[in-house]
Amino acid sequence: MLRLEHSWSWLALALAVLLGAKPSACGPPPGPRPNILLLMADDLGIGDVGCYGNTTIRTPNIDRLAADGVRLTQHLAAAPLCTPSRAAFLTGRYPLRSGMVSSQGLRVLQWTAVSGGLPPSEITFAKILKAKGYTTGLIGKWHLGLSCASPDDHCHHPLNHGFDHFYGMPFSMMADCERWELSEKRAVLESRLDVCFQLVALATLTLTIGKLTHLIPGASWTLVIWSAVVCLLLFATSCLVGALIMHADCFLMRNHSIAEQPMRSQRTTPLMLQEVSSFVKRHKQGPFLLFVSFLHVHTPLVTTENFRGRSPHGLYGDNTEEMDWMVGQILETLDTEGLTNSTLVYFTSDHGGSLEARFGNNQYGGWNGIYKGGKGMAGWEGGIRVPGIFRWPGVLPAGRVIHEPTSLMDIFPTVVHLAGGQVPQDRVVDGRDLLALLQGTARHSDHEFLMHYCESFLHAARWHQRDLWKVHFTTPIFQPDGAGACYGQIVCPCSGNRVTHHAPPLLFDLSRDPSEAHALTPDTEPSFHQVVETVARAVAAHRQTLIPVPLQLDAADNTWKPWLQPCCGRFPFCWCDRDADPR
Ligand SMILES: *[C@@H]1O[C@H](CO)[C@@H](O)[C@H](O)[C@H]1NC(C)=O
């Protein structure tokens, strides 16, 4: 029935077009406005999903979503790391425009208690949809900042960016939340503190001997005692640093209050599912926008007992299969509530799988299939090419596959138009409305060029005309095979002495060489110079549109500030579990 209604409205639209009415990409979409359910995995590789060619990992729910909808094969993240990619997703703009990048090697927001974050002046699609009457919710990971000047001004909080409801982590899941081997922060801090401890211990010893033997004239017992106190403090901090990180960053919030600090990671899966189900039930009269931002499949790969040891790919595979099951549970909730046909569902990952997440012979990061590189690398496809699936029964064709270049930034104008809203006119929006492409009324995407940034540095750009050209200006130095890219670091750097600048740039034709294995030269590619010059002109034109803004991820706004630390209880005893109480 619904299908019929929609085809009638399309007939009417087709007639209107034939009769000379101007078709407008910004016109209202057919029929009632859909609910919008956005599902985003964390660090999932494109090669980890069945419908993208994986034959051994079981992702039946994501595969079914693709079979019932449209699957994009060239869907690209605007950045190869969480914070900037998510900022671009929510704003439809390259992260450099909102300042959600660094120029100093700080690739993501480092702590919850930093002053940087998505500036309140940015407009997210949630903000527009809320103004258009949608009920908006975010469940899961945020990682776009919290407060500016005091611990509860919450200037960067999801509720200050258009969400009516938030339940989840203001920061990000990380190995340090479970004291895992592949520590992001603990190991570094511990070793720095240990060095300080050893230096001060040596100084204390020297002073003591100096005092006893009268060899050091300035040495006094007061000095010795102070030095010993500092020494003890450093030692204690070094022992406690793991616990401190857990309290500082691994906690859950419900709207403006802390729900559980530190969180018990094992409980987050059922808690998130319960939260999704109750949101959908509460707002089934619609329209609603729900962004489910999974903590899966980021390390430490927290997996419930039911899924442990089930996949042929170790803990990473188990975790991926569990996330697929969660997708299934969420889709089932839609079904039970009778919302399947009135909801646009989207599934993606914030960027490619991590090649560095390995320990010994065990790979704990995602698989990027035939694509080179991974998480942290902006130019190579493996860092930015991600799954992209849309389902809206009756409006979008089932089983269609589209190979055109599209971006995560395209979600912004797409959902804004579906909600009957307008994209902001006072700023550059880089995303393009996807509806016509998804429906098949447009054959080509509106992206002729796409820029590929690593932090604030432009590493590569693609040009899609008949062929699909990719031009690399800078590439990270890494080992493509063996022990995982920039093994020993968390991600490969964007600048400095661990990158190569290419003059002339590297050129690939992705339509013939999607793995970027064979760089073209003026000898092998007659149009080499013409392509490189065209792309260089596009880059120059793009640069003209940039307005300098403060970089939120630079050290000034990306260093831990004790006075911004959210704390449930009395500092430094940040400890509570409000969800344990019956609600
Ligand atoms: C499927 O995914 C796993 C886990 O990431 C990976 O090890 C494996 O190589 C993939 N298989 C294929 C055929 O892509």
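Residues numbered from 1 in each chain as written. Predicted model: local features only at pLDDT ≥ 70, side-chain atom pairs only at ≥ 80, totals over all residues. Heavy atoms only, no water.

## As for the packing of aromatic side chains
Argument step 1. Taken as a whole and assessed by the stated rule, the structure comprises 14 aromatic pairs.
Argument step 2. Aromatic pair Phe-279 and Phe-288: ring centres 5.8 Å apart, planes at 90 degrees, arrangement edge-to-face.
Argument step 3. Among the aromatic residues, those joined into a cluster by ring pairs are Phe-89, Phe-125, Phe-291, Tyr-346, Phe-390 and Phe-412.
Argument step 4. Across from the ring centre of Trp-111, 3.4 Å away, lies the NZ or CZ of Lys-185, which sits over that ring.
Argument step 5. A cation over a ring is seen here: Lys-372 above Trp-380, with NZ or CZ 4.2 Å from the ring centre. (Phe/Tyr/Trp six-rings, centres within 6.5 Å; stacked < 30°, edge-to-face > 60°. Lys NZ or Arg CZ within 6 Å of the ring centre and 35° of its normal.)

## Brief notes about the state of the cysteines
In a disulfide, the sulfur atoms of two cysteines are held together by a covalent bond.
Argument step 1. By the definition in use, this model includes six disulfides.
Argument step 2. Residue pairing for Cys-567: its cysteine sulfur links by disulfide to Cys-574, the two sulfurs lying 2.1 Å apart. Measuring handedness by torsion sign, the sulfur bridge of Cys-567 and Cys-574 sits at about -105 degrees and is left-handed.
Argument step 3. Given a relative accessible area of 23%, Cys-567 falls into the partly exposed group.
Argument step 4. The partner cysteine of Cys-568 in its disulfide is Cys-576, sulfur to sulfur 1.9 Å. On the S-S bond that ties Cys-568 to Cys-576, the torsion sits near 105 degrees, and the link is right-handed.
Argument step 5. Classification of Cys-576 as buried rests on a relative accessible area of 15%.
Argument step 6. When the bonded cysteines of the chain are numbered from the N-terminus onward, they pair as 1-2, 3-4, 5-8, 6-7, 9-11, 10-12.
Argument step 7. Here Cys-82 is not disulfide-linked; the sulfur of Cys-177 is the nearest cysteine sulfur, at 12 Å. (Disulfide = S-S within 2.5 Å. Buried < 20%, exposed > 50% of the residue type's maximum accessible area, 1.4 Å probe, protein only.)

## Remarks on the domain arrangement of the chain
Argument step 1. Considered domain by domain, the chain is made up of domain 1 (31–174 + 251–306 + 317–447 + 548–564) and domain 2 (186–242).
Argument step 2. Put simply, the middle of domain 1 and the middle of domain 2, counted by C-alpha atoms, are 46 Å apart. (Domains from an automatic or database assignment.)

## Observations regarding the pattern of salt bridges
Argument step 1. Per the stated rule, a full pass over the model turns up 23 salt bridges.
Argument step 2. Lys-185 is paired through a salt bridge with Asp-249; the nearest N and O atoms lie 2.5 Å apart. Pair noted here: Lys-185 is in the loop between strand E4 (165–169) and helix H6 (186–213) and Asp-249 is in helix H7 (residues 221–249), with a separation of 64 residues, a long-range link.
Argument step 3. Since its relative accessible area comes to 0%, Asp-249 is described here as buried.
Argument step 4. Between Glu-516 and Lys-470 there is a salt bridge; the shortest N-O distance is 2.7 Å. Pair noted here: Glu-516 is in the loop between strand E17 (499–509) and helix H13 (528–544) and Lys-470 is in strand E16 (residues 468–476), with a separation of 46 residues, a long-range link.
Argument step 5. Of the residues examined, Lys-470 reaches a relative accessible area of 0% and is grouped as buried.
Argument step 6. Residues joined by salt bridges that share partners form a network here, namely Glu-381, Arg-385, Arg-462, Lys-470 and Glu-516. (Salt bridge = Lys/Arg side-chain N within 4 Å of Asp/Glu carboxyl O. Helix = DSSP H or I, 4+ residues; strand = E, 2+ residues; numbered from the N terminus.)

## Some points on the sheet that holds strand E14 (residues 449–454)
Argument step 1. Taken in spatial order, the four strands line up as E14-E15-E16-E17 in an open sheet, and their pairing is antiparallel. This sheet does not close on itself; its edge strands, each paired only once, are E14 and E17. Adjacent strand axes in the sheet meet at a mean angle of 15 degrees, parallel and antiparallel pairs treated alike.
Argument step 2. Bridge count between E14 and strand E15 (residues 457–464): six bridges; the pairing is antiparallel. The residue of E15 that forms the bridge with Cys-454 is Phe-457.
Argument step 3. Here H13 sits on the sheet and contacts E14, E15, E16 and E17; the angle it forms with E15, its principal contact strand, is near 120 degrees. (Pairing = 2+ DSSP bridges. Axes fitted to C-alpha atoms, helices over the stretch in contact; angles between N-to-C directions. Contact = heavy atoms within 4.5 Å.)

## With respect to the pairing of strand E1 (residues 35–41)
Argument step 1. Within E1, seven of the seven residues are buried, leaving the element largely enclosed by the surrounding structure.
Argument step 2. Judged by which residues are buried, E1 turns out to be covered on both faces: Asn-35, Leu-37, Leu-39 and Ala-41 on one side and Ile-36, Leu-38 and Met-40 on the other are all buried.
Argument step 3. Inspection of the sheet shows E1 paired to strand E8 (residues 343–349) by seven bridges, in the parallel sense. Within E8, the position partnered with Leu-39 by the bridge is Phe-347.

## Some points on the environment of Pro-119
Argument step 1. Position of Pro-119 among the secondary structure elements: in the loop between helix H4 (95–98) and helix H5 (125–131).
Argument step 2. Along the sequence, Pro-119 and Leu-315 sit 196 residues apart, while their C-alpha atoms lie 37 Å from each other.
Argument step 3. For Pro-119, the contacting residues outside a window of four places in its chain are Ser-98, Met-100, His-156, His-161 and Gln-552.

## Details of the packing of helix H8 (residues 268–282) against helix H9 (residues 314–336)
Argument step 1. Axis separation between H8 and H9 bottoms out at 10 Å; the angle between their running directions is 20 degrees. One element, H8, and the other, H9, form an angle in the roughly parallel class. For the pair H8 and H9, the sense of crossing is right-handed. On the side of H8, the interface is formed by Thr-269, Leu-273, Val-276, Ser-277 and Val-280, while H9 contributes Glu-322, Trp-325, Met-326, Gln-329, Ile-330, Thr-333 and Leu-334.
Argument step 2. Broken down by class, the residue content of the contact of H8 with H9 amounts to seven nonpolar, four polar and one charged. (Parallel < 35°, antiparallel > 145°, perpendicular 65-115°, else oblique. Left-handed = near helix turned anticlockwise from the far one by under 90°. Nonpolar A, V, L, I, M, F, W, Y, C, P; charged D, E, K, R; others polar.)

## A closer look at the pairing of strand E6 (residues 257–261)
For a regular strand, the rule is simple: side chains alternate between the two faces of the sheet.
Argument step 1. Within E6, four of the five residues are buried, which leaves the element mostly enclosed by the surrounding structure.
Argument step 2. Direction of pairing for strand E5 (residues 252–254) relative to E6: antiparallel, over a ladder of three bridges. Within E6, the position partnered with Arg-254 by the bridge is Ser-257.
Argument step 3. Here E5 folds back onto E6, and the loop between the two strands holds two residues, one of which, Asn-255, carries a positive phi near 50 degrees.
Argument step 4. Judged from the two bridges that link them, E6 and strand E20 (residues 576–577) form a sheet pairing that is antiparallel. Bridge pairing in E20 places Gln-261 opposite Cys-576.

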